[in-house]
Structures are given as structure tokens and as C-alpha cells.
Protein chains: 2
Amino acid sequence: MLETLIDPASFICPTPLTVRDKIVLGHGSGGHLSANLLRDVFLPLFSNPVLDRLDDQAILDIGGMRLAFTTDSFVVKPLFFPGGDIGSLAVHGTVNDLAMGGATPLFLSAAFIIEEGFPIEMLQRVAASMSAAAAAACVSIVTGDTKVVERGKGDGVFISTTGIGVVAPGVRLSANQARPGDVVILSGSIGDHGTAIMASREGLEFETTIVSDSAALHVLVADMLAASDQLRCLRDPTRGGLSSTLNEIAQQSKVSIAIEEKKIVVHDEVRGACELLGLDPLYVANEGKLVAIVAPEDADKVLAAMRRNPLGEESSIIGVVGQTHPGMVTMRTAFGSSRIVDLLPGDQLPRIC
Amino acid sequence: MLETLIDPASFICPTPLTVRDKIVLGHGSGGHLSANLLRDVFLPLFSNPVLDRLDDQAILDIGGMRLAFTTDSFVVKPLFFPGGDIGSLAVHGTVNDLAMGGATPLFLSAAFIIEEGFPIEMLQRVAASMSAAAAAACVSIVTGDTKVVERGKGDGVFISTTGIGVVAPGVRLSANQARPGDVVILSGSIGDHGTAIMASREGLEFETTIVSDSAALHVLVADMLAASDQLRCLRDPTRGGLSSTLNEIAQQSKVSIAIEEKKIVVHDEVRGACELLGLDPLYVANEGKLVAIVAPEDADKVLAAMRRNPLGEESSIIGVVGQTHPGMVTMRTAFGSSRIVDLLPGDQLPRIC
């Protein structure tokens, strides 16, 4: 496992982007550079109270009803990988971003940007996979768009999915709600999606049986909401992995988070692939896992509910929320030492989702 | 002006796509090939009652409220053009698709797919333009996403915007509601957007002062809804131009539409550019115009309301709805002859929006 020895000062105040800079792959990584881009380009221009919450979904109050609204573009490469493809991923990713807001997912839109020369047969496979994933998650794809770009100006197909869901009265989940004393629960193993993608990527010839964990988590979330009204925050650790998710929660809630390495499940084959590829599983994307911040008194109830769901069988309490260093995530390693778990400094895994 | 002499049979039943086919630029044109792609790939897999309406927006019934929901990817080239850029276009396009459903636009999402190496300065200009267009249209960008793809796997920046609006009780607009006897109103000149893009495209060096008509039409629509409760259908003639829009309405309503060429405003400079480029203005995209199908008794009221709005000053009645050849659009030319106005057979103007 790589040690990330980052100056904590750079973590609080990374170098601002200037107009002379250019976009690099790391700006899409979900780490430091993504945060810079958001902070220095998009937020100053788009700022409004809903966006500024910086959750994975906007919660909109329309006519007394609370709707969750979320969008994601999917540019994963390769398009087909063990455990899924860009179509199922686009549905799961958006369903999960709705679910993390405590919403029941209802409707999706799908916008396709297709490269000239892309085989119709592959497009049909992708669309069939989206259709099956949507049906399984009980959401309808109700509107869409198709654009075509010249050969060499795209890469097969990119899909942007946007979702709408309804948030039940009383449910208020946000990354700014973690409080000292809360418990951090992780719903299962980490690193499966990212290593499955990397292992199936052209040029990487090593053989594994690692399968992406891509899955829709809305039923797991419903089980958790039924078990407790003391959930503070749910997040799915996708791009940037578990480390980014915990850092975002720590920063937005102005708390510290301390986790224990030995509580975090990493399947042997994933650990082996990560060592081979020089990756730290903490930074590798997942697509069927969630992190929950829960009031301590309800932690056991929530954990039990999660373990009863097939997608939460390997759930465990991995840490606690504190107040010593607001915005900082630390981990007690398997060797008993402690280290800072920073945001990904640059780009570890481009085009993983 | 080009004569399109298409066998009407090919119009009713174009050749089905097969799995051996590949995507060509025409599949993104808004014409015949786009319709094939929708019919042969997406609709069979995604079919549901909301999607199958095939309007520019889904109308969702959530908790007794009717919401409009629409998505579009924008891949326009060049990114900056006279009268706008990809950012303002992405806002106007989505606001207009909501407005065509009779909705008050409220919220937008924005998902960016950026090519490695894209200058931050250009991204800031695009985002600033989106921000200004959103503020002018009284919508908030409440959620978003950013992905980065390798150099040569994208083209600067693509933007997918999705919008949510609220439809007032009693407003029911759809392309399937045109009835024989209804009147066809066009809100102004055609061809400005597409020719502005083409004239500013690399390699086309001729000088023009043509400016895109890109604009948000929701206030014009509100004025029209206030003037009459007998609006049947609104559509903005974007990709594929006026011809595609009228064909879609004729097909979905199973009516014929007869228009008069001399009633259709084409500015001289646009006409000249179209002649130079070998384009038919009927097929050229607009981004600030709408077509309205209105009950005959309210046509004058609606027309008057439109002409009072600066974006509808050049509105005129351009035709009538009939029942002779369901699904067919015909035009009496300036020379007094009549011709079929078909969907664009292939691709005239790639990447215009």
C-alpha cells in the first residue's frame, strides 16, 4: 500500500487554478484537482444555495414536495468490463446518487454522444443493458438525446444520465451533517470496480477474476432508512474512492474522521491487483458501495439492517467522527501507526466511470 | 433552394437499421437517420408511455404536480460563434425544450466532458456564458458533473444539460394534438443559427454578419399561454430545421400540414449564405424560434401576443393543418407549385448544436 505523505497545508489550500492552466486528466479524478476545478471555475459562477451544498444530488423544493436531482456523464473505458458496461453503470451511478440523498429513484434521462463509426450492435448492447438496469431499479428512462461527433472527436459512446427521485418527509441527509461521536459504516469491500476496469483495459494483460461491484443501492438505502431516523449522511465512494468520500464529509461537516485499516474489507485478488498496478485501494472507485454516517445509538440497528441486504452483507463499522482536526481524515494502519488519508493529489485512474 | 424529391414510401418506412450498420454523422442530424436510430435501437428497449409521446420533454406526474423534464447534449463546433457559444446554447436549448411543454423552467443540471489540454480560460468563458444565460432565464444550475477524456478522445468540451420545470394546471401541449383546421404559426425568420455556425466554422472563409438567433423562449411561451387556452403544440425547430419539426408534428398527430413558402421569413444574408453553402433554409437549425399549432379561432390572438414580444416580432401564420395525407408536409413554393417537404434524408449540418 502506498503511503501518501502530503503536507496538510496543501490539503487545506491547494494551489488555485489560473487562466493560463489547461485541463489535465486529474481534473476528472475526483481528487484535489477536481476540487480545485469546482472551487475555482464552476462554483464562483454557478453559486446558489442548492448547488453550494455540494452533495451528490440537489434537493429541490417544488410545490411542497422535495425532489432529488442529479446528473453524471459516463466516459468509462473500456465500454464493456467484467460485471457491467457503460449502460448499466450509467443507470446505477445515477440511481445511487439519488439514493444517497435518501430519495426513491423514479425517472432518468439519457443523452448519448456517439462517435461516427460506432457499431450499431454495440449501441444496442449498451442500450439493452441500460434498459435492464433501469427495469431492475424500477426507474423509467423518459427522455433522451443523441448526438454524433466525427471519428476521432469522441471515443465510442459517452452517456450522460440525469435522475429525479422523491425524498420522503423527514429524511434529511447531507455531507454537512456528520457530528463528533457519529459512527462510520462501510457497506462492503472496496476497490472492486476500479481494479476490474483497470484489469480489463487494453494493454494490461494480467488475468484476474475481479468483477465490478456496480449495483443499484436504493433498496439497501430504503432498508437503512426503515431501521433508523438517525442517519446523517450517505455517500457512494465512486471516483477518488473511499478516501475522497471521507475527506468530502470531513470538510463539509468540519469534523475529523478516524478510520481503522483492518476494518476495511479489500478482497485478496483486488489487493493483489492494486499492488501490481501501484494503486492504493482507498483511492480506487467503487460503484456498488456506500458510506453511512450514523448517530452512535443507532449504529448497531443500521448495521444489522445493512447486513440483511445482499448488497450490504460485508458491512462493518470502520471508524468514528471526531473534532480534533476539522476536515482531516486519519487512518490507524494495520501496523498500528497513524497516517493522514488525503484527497487523491493527481490522477490515479482516468475514465473509471 | 434545393428540391427534395423523395419517394413518399421511403418517408413512411425508411430502411431499418441492422446490427451490421455503423453510426454515421447523419444519425445525429435530426432527420430520417435520427428517426431510424430512435425507432430501431432506443424505443424498442426503453419504451414507456411517457417516452413514447416523443415530445421534446417528458411530462411527469409526481405527487399530483406535473413536471417537465428534458435533456440534451451539446457538441456544437466551433465552441464560440456569432451570437453565442456552447454555454449559452446549452442553457437556451434546455430552457426552450421545457418551455415547448408549456412549463416554467426552474432548475438545470450541467455535465461537462472536457478534453485533456482544454484551456481553463475557455472553460471559464463557457461557464460564465452559461451562468449569464441561466440568470437571464431565471433558472438555477443546481447540480453538475465534470469528466475529462484524453487528448484526441473528445473535442474541447461537450455539455449535457437537463432541465426541470413546472407545467401549470390545464396546459397540455403535445406534438400529437394538431387537428385539421388548426393554424401553423412561426415566431420569426429561419436559418440564422445554422448559417452563423457554418459561416464561422474553420475552413469556410466567407464573411457574413449573420448572428445566431440563440435565445430563451419561455417568456414568449408564457405570453402565448396567457393569450389563449387553445394552443395545441409548441416545438422549437432546432436540428433538422423547420421541415423536421413540421414532419414530426404531422406524423405524431396523423395529419397533413400545408405551408406557404412566401410566408416564411428568411433574411437575405441567410438566404445568400445558404445558396453559397448548398443548404435549404427549411433544414437549417434555429435556436430562438418556435412553431405553434393553434386552434383557428385563437390564431389572431396568439399571433398578436407573439408580435408584442421582441422574440416574436416577425411571427406569421405560415400554414394550416389538414387531413388529406396523414404524416405529410407540403409547401406551396414561391413559384406557385407544390412540393413535399420531407425529413432531412441524411446529414446536412453536423454538430450544429
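Here the structure is shown first, and the text comes after it.
Per chain, residues are indexed from 1 in the order of the written sequence. Working convention: letters from A go to chains and numbers from 1 go to ligands, in the order in which they are written. Local features in this predicted model are restricted to residues of pLDDT 70 or higher, and side-chain atom pairs are both shown and tallied only at a pLDDT of 80 or more, whereas totals for entire chains, interfaces and linings draw on every residue. Calculation of side-chain values draws on the structure's entire complement of heavy atoms; hydrogens and water are dropped beforehand.

Participant: Account for the packing of aromatic side chains, naming residues and giving values.
Facilitator: Ring pairs are drawn from Phe, Tyr and Trp, using the six-membered ring of Trp, whenever the two centres fall within 6.5 Å, and their geometry is named by plane angle: stacked under 30 degrees, edge-to-face over 60, tilted for the rest. In the structure shown here, the tally under the stated rule is four aromatic pairs over all chains. A ring pair is formed by Phe112(A) and Phe42(B), whose centres lie 4.6 Å apart and whose planes are at 35°; its orientation type is tilted. Of this pair, Phe112(A) sits in strand β5 (residues 103-115) while Phe42(B) sits in helix α2 (residues 32-46), each in a different chain. Members of the aromatic cluster, joined through ring pairs, are Phe42(A), Phe46(A) and Phe112(B). Distance and angle both matter: a charge sits over a ring if NZ of Lys or CZ of Arg is within 6 Å of the ring centre and within 35 degrees of the ring normal. Against the face of Phe74(A) rests Lys147(B), its NZ or CZ located 5.3 Å from the ring centre. Every helix listed is a DSSP run of H or I at least four residues long, and every strand listed is a run of E at least two residues long, numbered separately from the N terminus.

Participant: I'd love a proper account of the sheet that holds strand β1 (residues 58-62) of chain B, names of residues and values included.
Facilitator: All names here are of chain B. Paired strands are those between which DSSP finds at least two bridges. In spatial order, the strands read β1-β2-β7-β5-β6; together these five strands make up an open sheet with mixed pairing. Of all the strands in the sheet, just β1 and β6 (140-149) have a single pairing partner and so form its edges. In this sheet, adjacent strand axes meet at a mean angle of 20° when their direction is disregarded. Here strand β2 (residues 65-74) runs beside strand β7 (residues 157-167); their pairing, made up of eight bridges, is antiparallel. From the neighbouring strand, Ser 73 faces β7, where its bridge partner is Ser 160. Every axis corresponds to a line fitted to the C-alpha atoms, with the helix fit spanning only the stretch in contact, and the corresponding angles, defined between N-to-C directions, vary from 0 to 180 degrees.

Participant: Lay out the interface of chain A and chain B in plain terms, naming residues and giving numbers.
Facilitator: Only heavy atoms matter for contacts: two residues are in contact if any of them lie within 4.5 Å across the pair. Facing the 79 residues of chain A at the interface are 79 residues of chain B. Buried area between chain A and chain B, both sides added, is near 6800 Å², and the carbon and sulfur share of it is 70%. Of all residues in chain A, the largest losses of buried area upon contact with chain B belong to Ile23(A), Ile120(A) and Lys147(A), amounting jointly to 10% of the total for that side. One speaks of a salt bridge when a side-chain nitrogen belonging to Lys or Arg is within 4 Å of a carboxyl oxygen belonging to Asp or Glu. Joining chain A to chain B, the criterion identifies 10 salt bridges. Residue Lys147(B) pairs with Asp72(A) through a salt bridge whose shortest N-O separation is 3.9 Å. Think of a polar contact as two N or O atoms within 3.5 Å of one another; within protein, one of them needs to be a possible hydrogen donor and the other a possible acceptor, and neighboring residues in sequence only count if both atoms come from side chains. Taken together, the connections running from chain A to chain B amount to 22 residue pairs in polar contact (both at pLDDT 80 or more). Among the elements of the structure, α2 (32-46), β1 (58-62), β2 (65-74), β5, α4 (120-136), β6 (140-149) and β7 (157-167) of chain A are those that each provide at least two residues to the side of chain A that touches chain B. Note: buried area is the sum, over both parts, of the accessible area (probe 1.4 Å) each one loses when the two are combined.

Participant: Provide a residue-level description of the packing of α2(A) against helix α4 (residues 120-136) of chain B, including the pertinent values.
Facilitator: Viewed as axis vectors pointing N to C, α2(A) and α4(B) meet at an angle of 25°, and their least axial separation amounts to 8 Å. Between α2(A) and α4(B), the crossing angle belongs to the class labelled roughly parallel. Relative to α4(B), the crossing made by α2(A) is right-handed. Contacts from Leu37(A), Asp40(A), Val41(A), Phe42(A), Leu45(A) and Phe46(A) in α2(A) reach Ile120(B), Leu123(B), Gln124(B), Ala127(B), Ala128(B), Met130(B) and Ser131(B) in α4(B). Residues are sorted three ways: Asp, Glu, Lys and Arg are charged, Ala, Val, Leu, Ile, Met, Phe, Trp, Tyr, Cys and Pro are nonpolar, and all the rest, Gly among them, are polar. In the contact of α2(A) with α4(B), the residues fall into 10 nonpolar, two polar and one charged. For classification purposes, angles smaller than 35 degrees are called roughly parallel, those larger than 145 roughly antiparallel, those between 65 and 115 roughly perpendicular, and all remaining angles oblique. Each helix crossing is assigned a hand: it is left-handed if the near helix lies turned anticlockwise from the far helix by less than a right angle, otherwise right-handed if that turn is clockwise.

Participant: Give a description of the relation of the copies chain A and chain B that names residues and reports values.
Facilitator: To superpose the copies, least squares is applied to the C-alpha atoms of every residue with a pLDDT of at least 70 in both. If you rotate chain A by 180° and push it 0.0 Å along the axis, it lands on chain B with an RMSD of 0.0 Å. Taken together, the rotation and translation describe the operation of a two-fold axis. Every residue of chain A has its C-alpha some distance from the rotation axis, and the shortest such distance is that of Gly154(A), at 2.2 Å. An overlap of 100% is found between the interface residues of chain A and their copies at the interface of chain B, pointing to a shared contact surface.

Participant: Describe the sheet that holds β2(A), naming the residues involved and giving the relevant values.
Facilitator: Residue and element names in this part refer to chain A. Taken in spatial order, the five strands line up as β1-β2-β7-β5-β6 in an open sheet, and their pairing is mixed. One side of each edge strand has no neighbouring strand; the edge strands of this open sheet are β1 and β6. Ignoring strand direction, the axes of neighbouring strands in this sheet form an average angle of 20°. As defined by bridge partners, β1 adjoins β2 across five bridges and the pair is classed as antiparallel. Each residue of the ladder has a partner; that of Asp 61, found in β2, is Arg 66. Where α4 meets the sheet, it contacts β5, β6 and β7, and its direction lies at approximately 175° from that of β5.

Participant: Report on the packing of helix α5 (residues 192-199) of chain B against helix α8 (residues 268-277) of chain B, specifying residues and quantitative values.
Facilitator: Residue and element names in this part refer to chain B. With their axes 10 Å apart at the nearest point, α5 and α8 run at an angle of 55° to one another. As far as their axial angle goes, α8 and α5 are oblique. Of the two elements, α5 crosses α8, and the hand of that crossing is left-handed. Residues Asp 192, Thr 195 and Met 198 of α5 lie in contact with α8, whose contacting residues are Val 270, Ala 273, Cys 274 and Leu 277. Its residues assigned to classes, the contact of α5 with α8 shows five nonpolar, one polar and one charged.

Read these as layout, nothing more, since geometry by itself doesn't imply function.
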